[in-house]
Amino acid sequence: MYLPADLQELISYLLHKVRNTSEHTVTPLERMSLYKAFGPTTYPASYEETKALIEKGENNFLELTNADLAFGWLCLITARKVLPFWEKALAESEQAQKYFGLSFTASMLDLAKSVLEGTTNIQEAFHDATYGIWYNLSGQYSLYLTDSAIFARASAYSALCLVFLGPAGIDYKGTHNVLTEDKYIPMTSKDFALWAVKAYSVIDEKERLFQSYSEAYTHTLNLQYNNQKRREFWEWWLTVAIPQAWKLADTSR
């Protein structure tokens, strides 16, 4: 398994920072710099370009570089890390089971895996992710779920979208202090790693039912997080998830 030298250097820097600062975090700017250090990409520059290529029937537009595949696998590995938080919430909520079904989030990740492995119809998978059931139900942010489950679902849906879109699909438009802070990034962002670390480290585990997106978003601004759990997550992400993603990139196609 080969990691680009720039990527290895950045991982070492971020690992030292996570371990030796009180915030124990990797900022949005640092995450985007890390993805850039993966190497060259063939992903289209925007969602609109991706959509146009797929609608033309160009199934081979996802002729991804090794860096692209590694990024896609990182999305999938990261979302799977926090999948148990979703499964626990579903197991404890009969209403959520009826609404979503037990396999809802795992099925999103299975579809993302099939895209990375080149074993699914790209047009159908893209439609399911951006227009179909995953899009429609992923927008239901509030129903009978704990905070960790909401974040775990957001990470999984982000992972599914990003195997088509690449890092540009994360989308920080319209957010404040986005380069240095995670707090104000809205749930509409496809920041798979952010939602995963929030699922892993959030303290408030009470089930809630919100009446609007604004109510749910305001609630997320006031959540508390376990700093030690945040450190644990980012250490795993930098030392285990990224190398594993590159290993899978070398063997998946």
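Residues numbered from 1 in each chain as written. Predicted model: local features only at pLDDT ≥ 70, side-chain atom pairs only at ≥ 80, totals over all residues. Heavy atoms only, no water.

Remarks on the overall build of the protein chain
Right, on to step 1. Helix and strand counts for the protein chain stand at 13 helices and zero strands.
Right, on to step 2. Seen in sequence order, the protein chain has helices and strands lined up from the N terminus as α-α-α-α-α-α-α-α-α-α-α-α-α.
Right, on to step 3. The buried share of the protein chain, taken over its 253 residues, is 53%.
Right, on to step 4. Partitioning the contacts of the protein chain with sequence separation of at least 6, the portion at a separation of at least 24 is 78%.
Right, on to step 5. Of the accessible surface of the protein chain, which amounts to about 11700 Å², a share of 52% is contributed by carbon and sulfur atoms. (Helix = DSSP H or I, 4+ residues; strand = E, 2+ residues; numbered from the N terminus. Buried < 20%, exposed > 50% of the residue type's maximum accessible area, 1.4 Å probe, protein only. Contact = heavy atoms within 4.5 Å. Areas by Shrake-Rupley, 256 points an atom, 1.4 Å probe, with all protein chains shown as cover.)

A word on the side chain of serine 158
Right, on to step 1. Within the secondary structure, serine 158 is located in helix α10 (residues 147-165).
Right, on to step 2. Sequence-distant contacts of serine 158, that is, excluding residues within four places in its chain, are made with Ser189, Lys190, Asp191, Phe192 and Trp195.

Comments concerning the confidence of the model for the protein chain
Right, on to step 1. On average, the protein chain scores 83 in pLDDT, and the residues at 70 or more come to 81%.
Right, on to step 2. Per-residue pLDDT, averaged within each element of the protein chain, yields its smallest value for helix α9 (residues 133-138) (49) and its largest for helix α1 (residues 5-20) (97). (pLDDT = per-residue confidence, 0-100.)

Focus: the packing of aromatic side chains
Right, on to step 1. Inspection of every chain in the model, using the stated rule, returns 14 aromatic pairs.
Right, on to step 2. Here the aromatic rings of phenylalanine 233 and tryptophan 234 are separated by 5.2 Å at their centres, their planes lie at 80 degrees, and the arrangement is edge-to-face.
Right, on to step 3. The exposure class of phenylalanine 233 is buried, given its relative accessible area of 0%.
Right, on to step 4. On the basis of relative accessible area, tryptophan 234 is assigned to the buried category, the value being 0%.
Right, on to step 5. Plain terms: the ring middles of phenylalanine 233 and tryptophan 236 are 5.6 Å apart, the flat faces sit at 50 degrees to each other, and that makes the pair tilted. Here the residue phenylalanine 233 and the residue tryptophan 236 both occupy positions in helix α13 (residues 227-251), the gap between them amounting to three residues, near one helical turn.
Right, on to step 6. Taking relative accessible area as the criterion, tryptophan 236 reaches 16% and is therefore assigned buried. (Phe/Tyr/Trp six-rings, centres within 6.5 Å; stacked < 30°, edge-to-face > 60°.)

A look at the pattern of salt bridges
Right, on to step 1. According to the stated counting rule, one finds seven salt bridges in the structure shown.
Right, on to step 2. Measuring nitrogen to oxygen at the nearest pair gives 3.2 Å for the salt bridge that ties lysine 17 to glutamate 30. With lysine 17 in helix α1 and glutamate 30 in helix α2 (residues 28-37), this pair connects stretches of sequence that are 13 residues apart.
Right, on to step 3. Judged by relative accessible area, which is 17%, lysine 17 ranks as buried.
Right, on to step 4. Two residues, glutamate 235 and arginine 231, come together in a salt bridge whose shortest N-O distance is 3.0 Å. With a gap of four residues between them, glutamate 235 and arginine 231 both fall in helix α13, about one helical turn apart.
Right, on to step 5. It is possible to trace a salt-bridge network through shared partners that takes in Arg19, Arg231 and Glu235. (Salt bridge = Lys/Arg side-chain N within 4 Å of Asp/Glu carboxyl O.)

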